[in-house]
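# Analysis of the macromolecular model
Letter by letter, the chains look like this.
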Amino acid sequence: MPELPEVETVVRLVRPRVVGRTVTGVEVTWPRTLGGLTRPAFGRAVVGARIASAWRRAKYMVFDLERGGATAGWLVGHLRMTGRLVVQRADEEPDEWRKVSLALDDGRVLRFTDVRKFGRFTFTTDLARTLGPLGPEPLSEDFTAEWLAAALKARRRMLKPLLLDQSFLAGLGNIYVDESLFRAGLHPLASSNRLRRPQVERLHAEIRAVIAGAIEREGSSFDTFYRTPEGQPGSYQDEFCVYARDGLPCRTCGTTIRRLVVGQRGTHVCPRCQGRGPRRRAGKAPAAGARRPGR
DNA sequence: AGCTACTCCTGGTAGC
DNA sequence: TGCTACCAGGAGTAGC
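In what follows, the accompanying structure is described. (Residues numbered from 1 in each chain as written. Chains lettered and ligands numbered in written order. Predicted model: local features only at pLDDT ≥ 70, side-chain atom pairs only at ≥ 80, totals over all residues. Heavy atoms only, no water.)

## What about the nonpolar core?
Nonpolar side chains tend toward joint burial in soluble globular proteins. Ranked by size, the top nonpolar core spans 31 residues in total, and within it Leu 152, Leu 163, Phe 168, Leu 203 and Ile 207 carry the most contacts. Of all the secondary structure elements, the ones that give two or more residues to this core are helix H4 (145–153), helix H5 (159–164), helix H6 (174–184) and helix H7 (197–216). Broken down by element, the residue count for this core peaks at seven residues, all from H7. Counting residues in hydrophobic clusters, the runner-up holds 29 residues, among them Val 11, Val 18, Leu 85 and Val 100. (Core = buried A, V, L, I, M, F, W, Y, C linked by side-chain atoms within 4.5 Å. Buried < 20%, exposed > 50% of the residue type's maximum accessible area, 1.4 Å probe, protein only. Helix = DSSP H or I, 4+ residues; strand = E, 2+ residues; numbered from the N terminus.)

Next up, the structure:
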């Protein structure tokens, strides 16, 4: 799934092809991708506007629009599960899953494509409201071990759902949370307010290392979905320690990696490196078979 | 406050 | 080979 590193990769590759371009037309083939905006309203807002810059916040792609040099709102995209954003020549065969296409003044087309239709690509004049509450960027100066220690202590939540919560920390998804927790030696079910200071510092460092490493490798492409806008797969999947490795030996200790379900999310742990987790109430042992979790 | 369940979706695949 | 049932999951929402 596209998370911070994948979205960052997409923005970096798309940016030089769209910044400075003016939108000359739109095609919307699945209106729900607009997230409530009507097709005509989207067209009116976007056609004739110039894309002034492109950047990322959390897992959102943001494009500043201008008219006559003044801010005219923002294009905001979210890839969710299977979204892609590409720039193509207008005469190139369009993807059968295209949802929103913007014709540009250089004869190319910015296309938002999405097999599963969960993604969003729309226009807003209220960026803060569209993005919603977001925690700090993991690679920003705001994200310090001190901040993390205080923030973890202020909540009493299981680490995994907390780290997935975008209003707590921005940009992490299922893959990078599992990888960060493994590398920090922490169990996903551990309670946020019970970490000791050295554990917090290690978690902080590993989150940053995982995210920075994944950006360097242009994200992870373990299935057929995520590709860079150039069509290339990322390579961070080669670095996975636990994600999608259930049934395989831990790279550190050889113990079999297990899969459990935490907050309806597939979760991968090394029972030895990350411990067995806090004692949960009896009666609902998490499914953790090496093959199929069942349901 | 924090947890669970449900919704949106469809390609891939396990199991027959 | 072909069919069916189920699974993945980011984020929003509802209910306990």
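## Re the protein's contact with DNA strand C
Lining the immediate surroundings of DNA strand C are 15 residues, of which Met 1, His 78, Met 81, Arg 116 and Arg 259 lie closest. Sugar plus phosphate, as a fraction of atoms of DNA strand C within 4 Å of the protein: 66%. A distance of 3.0 Å separates a phosphate oxygen of DNA strand C from a polar atom in the side chain of Lys 59. Between DNA strand C and the protein, one listed contact pairs a phosphate oxygen with a backbone N or O atom of Gly 266 at 3.2 Å. In terms of residue class, the surface near DNA strand C is made up of five nonpolar, four polar and six charged. (Near = heavy atom within 4 Å. Polar contact = N/O pair within 3.5 Å; in protein donor to acceptor, adjacent residues only side chain to side chain. Nonpolar A, V, L, I, M, F, W, Y, C, P; charged D, E, K, R; others polar.)

## Describing the protein's contact with DNA strand B
Taken together, the neighbourhood of DNA strand B is formed by 14 residues, with Arg 32, Val 115, Lys 117, Arg 156 and Gln 264 sitting nearest. Sugar and phosphate atoms represent 72% of those atoms of DNA strand B found within 4 Å of the protein. Arg 156 is positioned such that a nitrogen or oxygen atom in its backbone is 2.9 Å from a phosphate oxygen of DNA strand B. The contact in question runs from a phosphate oxygen of DNA strand B to an N or O atom on the backbone of Met 158, over 3.3 Å. When the residues that make up the surface near DNA strand B are grouped by side-chain class, the tally is five nonpolar, one polar and eight charged.

## Quick word on the sheet that holds strand E4 (residues 70–78)
The strands making up a sheet associate through hydrogen bonds between their backbones, and the pairing can be parallel or antiparallel. Strand order in the open sheet formed by four strands is E2-E3-E4-E8, with antiparallel pairing between adjacent strands. On the outer flanks of this sheet lie strand E2 (50–57) and strand E8 (120–124), each paired with one strand and no other. Pairwise comparison of adjacent strand axes, ignoring direction, gives a mean angle of 20° for this sheet. Here E4 pairs with E8 via five bridges, running antiparallel. Within E8, the residue paired with Val 76 across the bridge is Thr 122. (Pairing = 2+ DSSP bridges. Axes fitted to C-alpha atoms, helices over the stretch in contact; angles between N-to-C directions.)

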